[in-house]
Structure formats: structure tokens, C-alpha cells
Amino acid sequence: MVNTQFERMSAGKGFIAALDQSGGSTPRALKLYGIDEDRYGNEAEMFDLVHQMRERIVTSPAFTGQHILAAILFEKTMDRTFAGKPAADYLWEDKNILPILKVDKGLDDASDGVRLMKPIPDLDDLLARANDAHIFGTKMRSVIQEANSDGIAANVTQQFALAEQITHAGLVPIIEPEVDINASDKEQCEQILFEEISKNLATKHFDLPVMFKLTIPSVDNLYSPLIENPNVLRVVALSGGYSREEANRRLAANHGLIASFSRALTEGLTEAMSPEEFDSRLGASIGSIAEASAT
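Residues numbered from 1 in each chain as written. Predicted model: local features only at pLDDT ≥ 70, side-chain atom pairs only at ≥ 80, totals over all residues. Heavy atoms only, no water.

Secondary structure assignment for the protein chain yields 12 helices and 11 strands. For the protein chain, the C-alpha radius of gyration of 18 Å lies close to 19 Å, the compact-globule estimate for 295 residues. Dimensions along the principal axes, computed over C-alpha positions, put the protein chain at roughly 50 × 40 × 40 Å. Each of the 295 residues in the protein chain was classed as buried or not, and the buried ones make up 53%. Surface exposure of the protein chain reaches about 12500 Å², of which carbon and sulfur atoms provide 47%. Each charge class in the protein chain was averaged separately, 28 positive and 44 negative side chains, and the resulting centres sit 3 Å apart. (Helix = DSSP H or I, 4+ residues; strand = E, 2+ residues; numbered from the N terminus. Rg over C-alpha atoms; globule rule 2.2 N^0.38 Å. Buried < 20%, exposed > 50% of the residue type's maximum accessible area, 1.4 Å probe, protein only. Areas by Shrake-Rupley, 256 points an atom, 1.4 Å probe, with all protein chains shown as cover. Lys, Arg positive; Asp, Glu negative; His and termini not counted. Charge placed at Lys NZ, Arg CZ, Asp CG, Glu CD.)

Structure below.
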């Protein structure tokens with residue numbers, strides 16, 4: 001199965017669905033779906049509602065391995081079920097979609113123009129649980145807000161150190177140093193980031209190939225050398241706050257870069273939709289993102 005899954009990720013057509021909203025981003029995701037905060041009284045009720053939303057998405061007939069290579073899950077989702085089956089097993093066995101786990105614990109305060117990840121003290125235990133749950137890989141997000149060379153270097157160093165730990169556990173890490181799309185010097189941020197990633201890839205050695213999840217660059221095809229690097233399994237793009245239309249347009253201009261969208265994927269979906277409306281809208285969204293990822 002391992003070789004089959006690696007082949008699926010390396011050569012498969014499609015994109016990665018990001019369904020990993022955590023505590024901080026869940027209220028906004030629910031509000032966009034049509035569920036206001038007065039519908040839940042505590043965190044447990046909030047996560048129950050967002051899981052219902054996610055389950056509706058992944059069990060939809062529109063959500064299949066035809067266009068979706070993998071789905072990124074929140075830790076609490078990994079511990080739940082889809083259609084009565086463990087979440088990761090349902091994705092792979094029923095949908096031919098690779099399960100990926102978000103492992104970061106959120107962001108530290110800004111320093112040197114970046115926001116590093118908070119410490120993950122229980123990472124080894126979490127990775128063991130992920131293996132038991134049949135998870136394929138992991139994802140971890142940090143943020144770059146300014147073109148500060150020291151800050152970006154620290155950001156990449158932190159990401160690579162955790163990626164090494166993750167590959168030791170037999171999982172494929174998605175390294176995600178997101179560049180804020182609103183940064184005034186976004187293009188310069190991306191150039192420094194590209195140089196730091198390239199330098200680290202040339203000197204670091206991992207037990208498994210790694211992946212990158214990056215903001216769609218201002219300079220088209222900036223990340224082509226990463227896409228072609230034999231130590232990189234796949235490079236995917238986050239929507240970063242762009243609308244689906246804008247994210248798709250920018251993505252299509254970058255050959256070999258595929259989507260890993262969250263808000264752009266679920267844009268327009270609401271709880272009040274009939275099953276037919278919901279599946280049709282989701283199918284149209286998936287189709288447009290898959291088309292943009294096929295360039």
C-alpha cells in the first residue's frame with residue numbers, strides 16, 4: 001500500500017482538499033457555511049458542527065479521487081468517523097483519497113517579520129497515533145509577513161527540523177511557510193523563501209521525500225526548481241485568502257503547481273442547501289480547481 005500511495009501522490013492528477021480548520025479558524029468557517037456562533041455554546045459543540053460540515057463534504061458523490069488526491073484533516077477529525085468508518089480509512093478505502101494530518105498547534109507572536117509555529121511537545125505521540133490511524137502524511141503552517149532574511153531563515157529552519165522528525169516516523173511532511181498575500185513586499189519575501197528552501201534542500205537529508213505548501217507566487221513559476229527536485233514529492237499551493245476565481249487564475253499560470261485550497265474549495269457552500277444544490281456547487285468548485293491544477 002505504501003508504494004501505491006506514494007505513486008498516487010507523485011503522479012496523480014488533481015489537488016489536495018484542505019479540511020483542517022482548527023480552533024481559531026473554525027468559527028469563521030462555520031459562519032461562511034451559514035452557522036452563527038449562537039448555534040453553539042462551547043468548543044465541543046462547535047467541533048461537532050464543523051465535523052458535520054466536513055462529513056457532508058467528504059461523503060458527497062462529488063468528492064472523489066477523480067480530482068482529489070488527498071485531504072488534510074484536523075486532529076479531532078482523525079479521531080472521528082465518516083459514514084461510520086474511521087476517517088482516514090474512509091478517505092483511502094472508499095474514496096481513493098490520501099489522508100493527511102495537520103500537526104501544528106498554531107502560531108507564535110510575530111518576530112523578525114514572521115510567525116513561527118508554537119512548540120509541539122507531544123509530536124512523537126501524535127505521529128504514533130497518526131500511523132495507527134493509517135495517515136499518509138502531515139502538514140504544519142507558519143507565516144511570513146515581511147521580507148526579513150533572518151526571520152525567513154528561522155522559519156525555514158524550524159520547518160525543516162520538524163520535517164526530519166516526521167520522516168523518521170515514516171510520514172510525509174508538508175512544509176508550509178505561508179507568505180501573507182497582503183505583505184507589501186510579497187515578491188521579495190518569496191524570493192528569499194525560495195533561496196532558503198533551496199539551500200536547505202541541498203544540505204538536509206530526509207528519510208522520505210517532502211512536500212511543500214506555498215502561497216501562489218507573484219512571479220510565475222518561481223517554484224519550478226522545487227517541483228522538479230527529486231527529493232520533493234509534490235509542491236502545492238494555498239489559496240491564502242484569494243477568491244476561488246482569483247486563486248484558480250493565479251494557479252493556472254504556474255506549471256506543475258497544484259492546489260491545496262480550503263476557503264476557495266468550500267466557497268458558496270451553505271448548510272441550508274438541498275443535497276442536490278450542495279453536491280452540484282461542490283462539484284463545480286472541485287472541477288474548476290482541478291482544471292487550474294492541470295496546467
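All right, on to the nonpolar core then. In this structure, F63, L193, I197, F212, F261 and L265 are the most contacted members of the largest nonpolar core, which totals 81 residues. Sorting elements by how many residues they give to this core places helix α3 (residues 43–58) first, with seven residues. Setting aside its immediate chain neighbours within four residues, L265 contacts F15, A17, L19, R244, L282, S285, I286 and I289. Counting residues in hydrophobic clusters, the runner-up holds 17 residues, among them M9, I16, W92 and F136. (Core = buried A, V, L, I, M, F, W, Y, C linked by side-chain atoms within 4.5 Å. Contact = heavy atoms within 4.5 Å.)

Quick look at empty space enclosed by the protein now. Following the criterion strictly, the structure yields one cavity of 30 Å³ or more and no others. Counted as a void, the largest cavity has a volume near 30 Å³. Its residues assigned to classes, the lining of the largest cavity comprises four nonpolar, four polar and no charged. (1 Å grid on protein atoms, 1.4 Å probe; cavity = no way out; pocket = protein on both sides within 12 Å on 5 of 7 lines; lining within 4 Å. Points joined across faces, edges and corners; volume = space filled by probe spheres on them. Nonpolar A, V, L, I, M, F, W, Y, C, P; charged D, E, K, R; others polar.)

Okay, the environment of E37 next. In this structure, E37 sits in the loop between α2 (26–32) and α3. Classification of E37 as exposed rests on a relative accessible area of 57%. Distance from E37 to S198, taken between C-alpha atoms, is 43 Å for residues 161 residues apart in sequence.

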